[in-house]
Amino acid sequence: DIVMASALLYPFKFVLDGNCRKRFPSVVRWFTTLVNQPEFAKSMGEVTLCQQQIQPAGAAKGGKKGGKKGQQKGQQKGKAAPK
């Protein structure tokens, strides 16, 4: 239980907002029961569940497109043509 609750701590704090949690009521009940135990709270502190899902930094601006393909094209331009 401790390992699974620890693995789910950050998703519950930053990603799983109310809409996501509605789909897994049993898991949410289990998680909140565990994190409210005095022993768990002593080591992990108070756990506040996510109200609004955080977004990656580039998500608001649209981010970069292309990924590895764009890098490969740029690298090919810098190479000399084989003879």
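A quick note: this is a predicted structure, and the numbers were derived from the prediction, not measured.

Calculation criteria
- Residues numbered from 1 in each chain as written.
- Predicted model: local features only at pLDDT ≥ 70, side-chain atom pairs only at ≥ 80, totals over all residues.
- Heavy atoms only, no water.
- Core = buried A, V, L, I, M, F, W, Y, C linked by side-chain atoms within 4.5 Å.
- Buried < 20%, exposed > 50% of the residue type's maximum accessible area, 1.4 Å probe, protein only.
- Helix = DSSP H or I, 4+ residues; strand = E, 2+ residues; numbered from the N terminus.
- Contact = heavy atoms within 4.5 Å.
- Arc of directions from axis to C-beta.
- Phe/Tyr/Trp six-rings, centres within 6.5 Å; stacked < 30°, edge-to-face > 60°.
- Patch = residues over 30% accessible without salt bridge, like charges linked within 9 Å, V, L, I, M, F, W, Y side chains within 5 Å.
- Areas by Shrake-Rupley, 256 points an atom, 1.4 Å probe, with all protein chains shown as cover.
- Salt bridge = Lys/Arg side-chain N within 4 Å of Asp/Glu carboxyl O.

Before going further, it helps to spend a moment on the nonpolar core. In this structure, Ala5, Leu9, Phe12, Val28, Phe31, Leu34, Val35, Phe40 and Val47 together form the largest nonpolar core, which totals nine residues. Elements represented by at least two residues in this core include exactly α1 (2-15) and α3 (25-35). The element that contributes the greatest number of residues to this core is α3, accounting for four residues. Once residues lying within four places of it in the same chain are set aside, the contact partners of Ala5 are Trp30, Phe31, Leu34 and Phe40.

On to α3. Turn by turn, an α-helix covers 3.6 residues, leaving residues three or four places apart pointing in a common direction. Those residues of α3 that fall on the buried side of the exposure criterion are Val28, Phe31, Leu34 and Val35. Projection of α3 onto a plane perpendicular to its axis shows the buried side chains occupying an angular sector of 135°, all on one side. Turned more than 90 degrees away from the buried face of α3 sit Pro25 and Arg29, all of them exposed. Buried residues belonging to α3 abut α1, α2 (18-21) and α4 (38-44).

Moving on to the packing of aromatic side chains. Summed over all chains, the structure comprises two aromatic pairs. With 4.1 Å between their ring centres and 10° between their planes, Phe12 and Phe31 make a pair best called stacked. Of this pair, Phe12 sits in helix α1 while Phe31 is found in helix α3, placing the two residues 19 residues apart along the sequence. You can call Phe31 buried: its relative accessible area is 0%.

A separate point is a nonpolar patch on the surface. There is a patch of nonpolar side chains on the surface, built from Tyr10, Phe14, Val15 and Ile54 and spanning about 390 Å² of accessible area. In this structure, Tyr10 sits in helix α1. For Tyr10, a relative accessible area of 54% puts it in the exposed group.

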